[in-house]
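# Structural features, examined
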2 protein chains.
Amino acid sequence: MTTEEIPKTMKRLVVKAPGKDVASCQIETEEVPVPEPGAGQVLIKVTAAAINPSDYGSWPNCRPEQCPFAMGKEGCGVVVKTGSGILTSLICGVGTKVGFSNLQNKQGSYSEFVVADAYTSVFRMPNDLPIEDAASFFVNPYTAIGILDTVKSEGSKAFVHTAAASQLGQMLIKVAPSQNVEIICVVRRQDQADLLRNIGAKHIVVTGKDDSWKQKLKAKIDELNATVAFDAVAGRSAGDLLDLMPVKGTVYVYGGLAGKVENVNPMALIYHEKKLKGFFLTAWIQHGGMLATIPRMMMAGHKVNTGLSGGWSSSKFKDTSLENVQSDIVQMLNSSVTGQKLRVRLDS
Amino acid sequence: MTTEEIPKTMKRLVVKAPGKDVASCQIETEEVPVPEPGAGQVLIKVTAAAINPSDYGSWPNCRPEQCPFAMGKEGCGVVVKTGSGILTSLICGVGTKVGFSNLQNKQGSYSEFVVADAYTSVFRMPNDLPIEDAASFFVNPYTAIGILDTVKSEGSKAFVHTAAASQLGQMLIKVAPSQNVEIICVVRRQDQADLLRNIGAKHIVVTGKDDSWKQKLKAKIDELNATVAFDAVAGRSAGDLLDLMPVKGTVYVYGGLAGKVENVNPMALIYHEKKLKGFFLTAWIQHGGMLATIPRMMMAGHKVNTGLSGGWSSSKFKDTSLENVQSDIVQMLNSSVTGQKLRVRLDS
């Protein structure tokens, strides 16, 4: 695409009005001007963008005054124009395959074009990687690194993970051995267990039709001395996990698939000194201030990049389009299938 | 009481079998030998013993193999015999008024006599204090000190306290000014608010019939920059409090009056980095190991003793007898009156 071929306007997806859930949000494509890259910025023609739980979790909760709320937190594409700045075109000149996150100026990644800071928001991708495979290069891989780092900082060598068959769960299974961390994978169905065992999972508890899953999970927790659990489910799951944790154990909630956390035993909090906390990627990155953030991000970036070439962050995606994002997500949420990962394709 | 007058046997109260609640526990008085003080120990004729929530919380949960489970964690009385050891009778000779806690050898304080270590478990009480007023000298005063210490260690100068009209709540109100901590007292009824205002409470929110109590509590939290809440209620209360806390705020649960904690918003845990923890006196005392425990206990002991002469830990008690402990507690629990404090009198 030459500069002359860049159109004047583009489509992007926005929340026009929040709702009580994803289905009732008013979501529309709108036609807006293609942004112009400023100094140190590049214009990216977006190839694909991942749809993460942290995306569709935020749409119903966005405030009316934020609307139209541009959707999407990360994506990938090709640089088609560079702004001024002597290094900008050297760092990522026209034609560079990139992943991007941390968009500014109320942009979203479900957009035909975005501008991004070449130094802090754009990451070169390997030339031999099909660029659409980098759609999910940031949120899930960095979350995986953040979770493993948190487990180790709690002094534990093992942790329980619910929603273990999700894309994030599969990444965790692939990267955990290099970090010397064991994962106790909690899944609902036997076919999910089979899938995870095929990619290297060693400890799996299936909750589905087995009334003894709590005893089995407790035995695994004891065997591996796990003092930490990561729970994406909430609802009664987080309370159940807290009961199964050993004294001084911690349950980190990082998703709310089943709604409000229930069934937390006050005696577990008081007499067994257990804790209920949240895990949030941004908070993990920023913890301890800038001086701690920079080396943490360098460490995480190194691990993620190693993983990209090694393949652990590759994923199977189900593709959708700007027009079908909402209906496809609603269908996915209603089907309660874990491990399915949606991606918006913008190059079709 | 001379040594010759000490009887051979005594009555004490025990849980013979646990139950699903206090009412269904099998609780009995049993006749056992009066214990003999060993080296460094003293024999105390018990005058009175407080009935704390941490007592009746533990009876239904004690294990059958612990039964008969001797009841009561603290008490007060007069030394009637000293064991061998050159300093024992100097530290607390016969006739010394003492409070005691930390009983060993499966003793309980709801007992006509106890033996206790003169160096670590027995505390001299002021001569001018009616000895029965020292029945509650340990658990609640040290919990009050521990709570205020925890609030300060969290960097907050104010905290929310539910069950603020309890004996502990009243102690906190009296001792907080010397620690430069503000308390936002949450009570259910206007008469409780009046009582607390009379003893110096400055910030009171009445939940009873007022639908706007959450807004009022939120305004107080903002005004005083409270980042910590202490909740004795659990149930929905802890989840509600977590919602009202500012970003990075912590709710400490230290009682479970309303059962399992419900209604915890996972988004508050994840995106607002709020935490749900427990507070337990023993854990606070032991936190950081022996080297930290000794100065912490000296600090707390100094504050408690200052308070004893200053009167902040004095309480109004409703007296009961060994025979009536169970029925009086059940009646108190059913009546849902906060601030009432039961004491077993053993000198009647």
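Taking an unreviewed UniProt entry as the reference, chain A is identified by name as Enoyl reductase (ER) domain-containing protein belonging to Phaeodactylum tricornutum.

This paragraph deals with the nonpolar core. Ranked by internal contacts, the top residues of the largest apolar core, which has 50 residues, are Leu217 and Leu276 of chain A together with Leu217 and Leu276 of chain B. Excluding its chain neighbours within four sequence positions, the residues that come into contact with Leu217 of chain B are Val160, Ile184, Val186, Val205, Leu241 and Leu244 of chain B. Counting 46 residues, the second-largest nonpolar core is a separate cluster that includes Cys76, Val139, Leu148 and Ile204 of chain B.

Let us now look at the relation of the copies chain B and chain A. You can overlay chain B on chain A at an RMSD of 0.0 Å; the transform is a turn of 180° with a shift of 0.0 Å along its axis. Considering both components of the superposition, the chain copies are consistent with a two-fold axis. Distance from the rotation axis, computed per C-alpha, reaches its smallest value in chain B at Glu262 of chain B: 2.1 Å. Interface residue correspondence from chain B to chain A reaches 100%, placing this contact among same-surface, isologous pairings.

With that out of the way, let us pick up the sheet that holds strand β4 (residues 69-70) of chain A. Think of a sheet as strands paired side by side through backbone hydrogen bonds, with each pair either parallel or antiparallel. All names here are of chain A. As summarised here, the arrangement of the three strands in space is β2-β1-β4, forming an open sheet in which the pairing is antiparallel. In the strand order of this sheet, the two ends are held by β2 (26-33) and β4, each with one partner. Across eight bridges, the pairing between strand β1 (residues 9-17) and β2 is antiparallel. Looking at the pairing, Val14 lines up with Glu28 of β2.

With that out of the way, let us pick up the interface of chain B and chain A. Across the contact, 27 residues belong to chain B and 27 residues belong to chain A. For the pairing of chain B and chain A, the buried interface totals around 2,300 Å² over both sides, and the portion due to carbon and sulfur atoms is 65%. Counting across the interface, chain B meets chain A through zero salt bridges. Linking chain B with chain A are eleven residue pairs in polar contact (both at pLDDT 80 or more). Of the residues belonging to the side of chain B that touches chain A, the class tally is 14 nonpolar, seven polar and six charged.

Take unusual backbone geometry next. Here the amide bond leading from Cys67 of chain A into Pro68 of chain A is cis, since omega sits at 0°, within 30 degrees of zero. In the Ramachandran plot, Lys106 of chain A falls in the positive-phi region, its phi being about 55° despite a non-glycine side chain. Within the secondary structure, Lys106 of chain A is located in the loop between β6 (97-101) and β7 (113-117). The phi dihedral of Asn180 of chain B falls on the positive side, at around 55°, and the residue is not glycine. With respect to the helices and strands, Asn180 of chain B occurs in the loop between α4 (167-175) and β10 (182-187). Using a relative accessible area of 63% as the deciding quantity, one classes Asn180 of chain B as exposed.

Bringing the domain arrangement of chain A into the picture now. Residues and elements named next belong to chain A. Here chain A is partitioned into domain 1 (3-136 + 317-345) and domain 2 (139-281). Between domain 1 and domain 2, the C-alpha centre-to-centre distance is 30 Å. At the interface, nine residues of domain 1 touch eleven residues of domain 2. Inspection of the region where domain 1 meets domain 2 yields zero salt bridges. On the surface where domain 1 and domain 2 come into contact, there are three residue pairs in polar contact (both at pLDDT 80 or more). For the side of domain 1 that touches domain 2, the class distribution of residues is one nonpolar, six polar and two charged.

Basis of the calculations
Residues numbered from 1 in each chain as written. Chains lettered and ligands numbered in written order. Predicted model: local features only at pLDDT ≥ 70, side-chain atom pairs only at ≥ 80, totals over all residues. Heavy atoms only, no water. Core = buried A, V, L, I, M, F, W, Y, C linked by side-chain atoms within 4.5 Å. Buried < 20%, exposed > 50% of the residue type's maximum accessible area, 1.4 Å probe, protein only. Contact = heavy atoms within 4.5 Å. Least-squares fit on C-alpha atoms with pLDDT ≥ 70 in both. Pairing = 2+ DSSP bridges. Helix = DSSP H or I, 4+ residues; strand = E, 2+ residues; numbered from the N terminus. Buried area = accessible area lost by both parts, 1.4 Å probe. Salt bridge = Lys/Arg side-chain N within 4 Å of Asp/Glu carboxyl O. Polar contact = N/O pair within 3.5 Å; in protein donor to acceptor, adjacent residues only side chain to side chain. Nonpolar A, V, L, I, M, F, W, Y, C, P; charged D, E, K, R; others polar. Domains from an automatic or database assignment.

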